[in-house]
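Close look at the chain arrangement
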Amino acid sequence: MKNLNTFILTISTLFIFGCSSNKKTANFEEDFKQDYKLEKIVYDIKDNKSRRLLEKEVEQTKFKEGQSLDKVTFIKERKRITSLIRKNINPDFSEDKVRFEIDTTLANNKFSVLAIVEN
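Because the structure is predicted, anything quoted here is derived from the model rather than measured. For every chain, the first residue of the written sequence is number 1, and numbering continues from 1 onward in sequence order. pLDDT decides what is reported in this predicted model: residues at 70 or higher carry local features, side-chain atom pairs at 80 or more are listed and counted, and totals for whole chains, interfaces and linings draw on all residues regardless. Computation of side-chain values covers all heavy atoms of the structure but excludes hydrogens and water.

**As for the side chain of arginine 78**
- For arginine 78, the position within the fold is in helix H4 (residues 71-88).
- The buried label goes to any residue with under 20% of its type's maximum accessible area, the exposed label to any with over 50%, and the partly exposed label to all in between, with areas taken from a 1.4 Å probe on protein chains only. The charge count includes Lys and Arg as positive and Asp and Glu as negative, but it does not include His or the ends of the chains. Any carboxyl oxygen of Asp or Glu within 4 Å of a side-chain nitrogen of Lys or Arg constitutes a salt bridge here. No salt bridge is formed by the buried arginine 78; the nearest opposite charge belongs to glutamate 95, separated by 4.4 Å.
- Here a polar contact is taken to be a pair of N or O atoms separated by no more than 3.5 Å, where protein atoms must pair a possible hydrogen donor with a possible acceptor and residues adjacent in sequence count only if both atoms sit in side chains. One polar contact links the side chain of arginine 78 to the main-chain carbonyl oxygen of valine 98, over a distance of 3.1 Å. Put simply, DSSP H or I for four residues or longer makes a helix, DSSP E for two residues or longer makes a strand, and each gets a number counted from the N terminus.

Right under this line is the structure:
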């Protein structure tokens, strides 16, 4: 079983440095894409306006129950959240205020996501 801290660090690195073509990253992505399925997503949003907006638009999320763990899904969801907040609340909202914490310790190769949106 992969070490959770290593997994979180690796995912964080992928988001920070964007797409990487090195062989280690490619193997990592393939291993997790095939083995883990999304069980749940939880949003942690302190700002009431942003929380209400995202609750209203929850059906548009890029995360779907049972989907494989895939870096592209996180990138798309981050862009979706950023775009919604920029259009409706704060045109200067920065994409780096959206981050994800992934928990792969669930049974049967499932994972959960905590999406954190900072003010």
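Here the narrative resumes, following the displayed structure.
**Some remarks on the sheet that holds strand E3 (residues 110-117)**
- In space, the three strands of this open sheet follow the order E1-E3-E2, with mixed pairing throughout. The open sheet is flanked by strand E1 (37-45) and strand E2 (98-103), the only strands paired with a single partner. This sheet shows a mean twist of 20° between the axes of neighbouring strands, independent of strand direction.
- Strand pairing is assigned whenever DSSP identifies at least 2 bridges connecting the two strands. Relative to E3, E2 runs antiparallel, the two sharing six bridges. Bridging from a neighbouring strand, arginine 99 pairs with isoleucine 116 of E3. Each axis is a line fitted through C-alpha atoms, taken for helices only over the stretch in contact, and angles between the N-to-C directions span 0 to 180 degrees.

**Brief notes about the environment of lysine 110**
- Its location among the elements puts lysine 110 in strand E3.
- Along the sequence, lysine 110 and serine 68 sit 42 residues apart, while their C-alpha atoms lie 9.0 Å from each other.
- Only heavy atoms enter the contact rule, under which two residues are in contact if any of them lie within 4.5 Å. Other than its neighbours up to four places away in sequence, lysine 110 contacts Tyr36, Lys37, Glu39, Asp103 and Thr104.

**Examining the pairing of E3**
- Among the eight residues in E3, six count as buried, and that is most of the element.
- Summarising the sheet, E1 and E3 pair through eight bridges and their orientation is parallel. Opposite isoleucine 41, over in E3, you have valine 113 as the bridge partner.
- Linkage of E2 to E3, two consecutive antiparallel strands, is achieved through a turn of six residues, within which asparagine 108 is found at a positive phi near 60°.

**Topic: the pattern of salt bridges**
- Inspection of every chain in the model, using the stated rule, returns six salt bridges.
- We note a salt bridge from glutamate 55 to arginine 51, for which the minimum N-O separation is 3.8 Å. With a gap of four residues between them, glutamate 55 and arginine 51 both fall in helix H3 (residues 48-56), about one helical turn apart.
- Residue classification places arginine 51 among the partly exposed residues on the basis of a relative accessible area of 30%.
- One salt bridge in this structure joins glutamate 101 and arginine 99, with 3.0 Å as the shortest N-O distance.
- For glutamate 101, a relative accessible area of 34% puts it in the partly exposed group.

So yeah, pure geometry; function would need other evidence.
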